[in-house]
Amino acid sequence: MNAPFVRPPAIAGALLACLALSTAALAASPAATPNVLPAESRGVSPAPPPQPINWDKVTQEATDLLSKYVQIDTTNPPGNELGAARMLKEKFLADGIPATTWEPLKGRGIVAARMRGIGKHNKALILLSHMDVVPANPKEWQVPPFSGTVKNGEIWGRGSIDDKGPGVIELMAMLAIKRAGILLDRDVLFVATGDEEEGGKNGAGWFVDHQANVFSDAGFLLNEGGGIRALSDGKRKAYVVSVTEKTPLWLRLTATGPAGHASDPPAETAVTRLVRALAKLSEYKTPIHVIGPVQDYYHRMDELDHGPKQLLDLGAALKEPEFLKKFLSDPGQNARVRDTITPTVLSASQKTNVISETAYAEVDCRLLPGSDPKAVINEIKKAMGDDTIKIDTILNFPPISSPSRSPLMTAIERLAKDHDQASVVPSMIIGFTDSHYFRQKKIVSYGFIPVEVLPAQGKGVHGINERLGVKELSDGIKRMVELLKIFGSEER
Ligand SMILES: [Zn+2]
């Protein structure tokens, strides 16, 4: 922070509001009346100078908290995030930060907490995370996945990276700032939802539909989806910030035909129809399309990492057949430059000798921002060449991007430079997160948590032996505190 702050009486009042657990305690501050008199004559005394942060203590507390958080089994389905939501709420309340939980469905949970700033005209920042995790099979793990074991300088367990670790980084950064008496000129709103791993309908989706007043003053959001990555020299780092995501278009294909006994089969059945259509669909190749954030990502990374010169202009390079073939042979790269269409679920008769009247397949299509879902469905119909197959949409939402230039991006750039002499690389992620719910509300949302996940640790995300280093956790909190100070400084 660059200038001393003055704590007006209204803020002290707001801090006392921690005792009120209603949603009102979290809602946006009312617009302030302009301060026409000098602070002293309004009976306002200067705030005491910020106290230094005891990082050893913060690191220990964060490690204990993450371990405890991992031990609350929030496997989704069914999620059962309410216990985790209550624990996080208590953590905020103990430090005098107002916090509230909601239960959108029995056992499901959402928690939000608001740290008041002193600049009432500045848009608030949301720090988003999700509490639910994907299933883990204990037989495959080196330690029980919900043990929260701390060993060899790492916190082990399902969710330690996705997404409980980031939630702890956000929470501890807020507590560290509050305890040090650092005043920010904007409100910071912590929101942890459930149900992200199943699409977020009973988590962020519910929150955005039912509690919009809680974040009506928010203009910016940070969420999972990007972070700090070491470059190939092992020394320099890049801050990868996701500004957009591919969107899901999940389809159910249903074929029908005569039911009967398999001893006298008709020439065509629901199953033969469906299988033929899927075989044709698997031959269909979606067009290659390099969108702006993807072109920019490869360009920036190539400049930083001195990779092959073709990546400086990916759009042009992919016109060369040889290079195209090589590039597409990597599934992750393939997914960045085209829509993908992947049959995942198949079902028909439950018995070998029974011909089912219906057979169905579910297809997970992932669309680039800019692709039109209706046009994609038409292409799929054409490719299958069978009009009798019914297509229903299971999940889809409009693709939305956030601008790659914004005051929040400028703050991230400043953090990258000050903290790691690093560059910022905007990107698109091929998965999707809850960010789209908030982008739809015109909130500038970036996938960026300032943590460096080591490659061996990163493999555990949705896999086995997920774990986060204590040092990485601690550095993540330090960087988050810095980022909040930069983004919450009076100048911005
Ligand atoms: Zn996640």
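This text follows the structure it describes.
Residues numbered from 1 in each chain as written. Predicted model: local features only at pLDDT ≥ 70, side-chain atom pairs only at ≥ 80, totals over all residues. Heavy atoms only, no water.

Trainee: Requested: an account of the coordination of the zinc ion, with residues and values cited.
Mentor: Protein coordination at the zinc ion comes from His130 (NE2), Asp162 (OD), Glu224 (OE) and Glu224 (OE), with a distance range of 1.9 to 2.7 Å. Given four donor atoms and angles of 52 to 145° at the metal, the environment of the zinc ion is assigned as irregular. Sequence spacing among the residues donating to the zinc ion works out to H-x31-D-x61-E. In this pair, aspartate 162 is assigned in the loop between β5 (154–156) and α4 (164–180) and glutamate 224 in the loop between β7 (218–223) and β8 (227–230), connecting sequence segments 62 residues apart. Glutamate 224 shares its class with aspartate 162; the two are buried. (Donors = N, O, S within 2.8 Å, 3.2 Å for Na, K, Ca; no water. Tetrahedral: all angles 85-135°; square planar, octahedral: opposite > 155°, others 65-115°. Helix = DSSP H or I, 4+ residues; strand = E, 2+ residues; numbered from the N terminus. Buried < 20%, exposed > 50% of the residue type's maximum accessible area, 1.4 Å probe, protein only.)

Trainee: Tell me about empty space enclosed by the protein, residues and numbers included.
Mentor: In this approach a probe as big as a water molecule rolls over the atoms, and the regions it shows empty are the leftover space. Enumeration over the complete set of coordinates arrives at one cavity of 30 Å³ or more. Approximately 30 Å³ is the volume found for the largest cavity. Lining the largest cavity, in full, are Glu245, Lys246, Thr247, Phe397, Ile400, Phe432, His436 and Arg439. (1 Å grid on protein atoms, 1.4 Å probe; cavity = no way out; pocket = protein on both sides within 12 Å on 5 of 7 lines; lining within 4 Å. Points joined across faces, edges and corners; volume = space filled by probe spheres on them.)

Trainee: So what's going on with the layout of surface pockets? Residues and values would help.
Mentor: In this structure, the largest pocket occupies an estimated 1500 Å³ of space. If you trace the largest pocket, you find 42 residues lining it, with Glu224, Gly225, Gly226, Ile429 and Val461 closest to the centre. Mapped onto the lining of the largest pocket, the elements with two or more residues apiece are β8, α7 (292–305), β16 (423–429) and α14 (455–458). With four residues, the top contributor of residues to the lining of the largest pocket is β8. A per-class count over the lining of the largest pocket returns 21 nonpolar, 10 polar and 11 charged. (Nonpolar A, V, L, I, M, F, W, Y, C, P; charged D, E, K, R; others polar.)

Trainee: Explain the sheet that holds strand β4 (residues 150–151) to me, and be specific about the residues and the numbers.
Mentor: Judged by pairing direction, the sheet is antiparallel, and its three strands sit side by side in the order β4-β5-β18 without closing on themselves. Looking along the sheet, the strands with just one partner apiece sit at the ends: β4 and β18 (467–469). With three bridges joining them, β5 and β18 adopt antiparallel strand pairing. When the sheet's bridge partners are listed, tryptophan 156 is paired in β18 with arginine 467. The sheet strands contacting helix α15 (residues 470–487) are β4, β5 and β18, and the helix crosses β18 at an angle near 65°. (Pairing = 2+ DSSP bridges. Contact = heavy atoms within 4.5 Å. Axes fitted to C-alpha atoms, helices over the stretch in contact; angles between N-to-C directions.)

Purely geometric stuff here, so don't read any function into it on its own.
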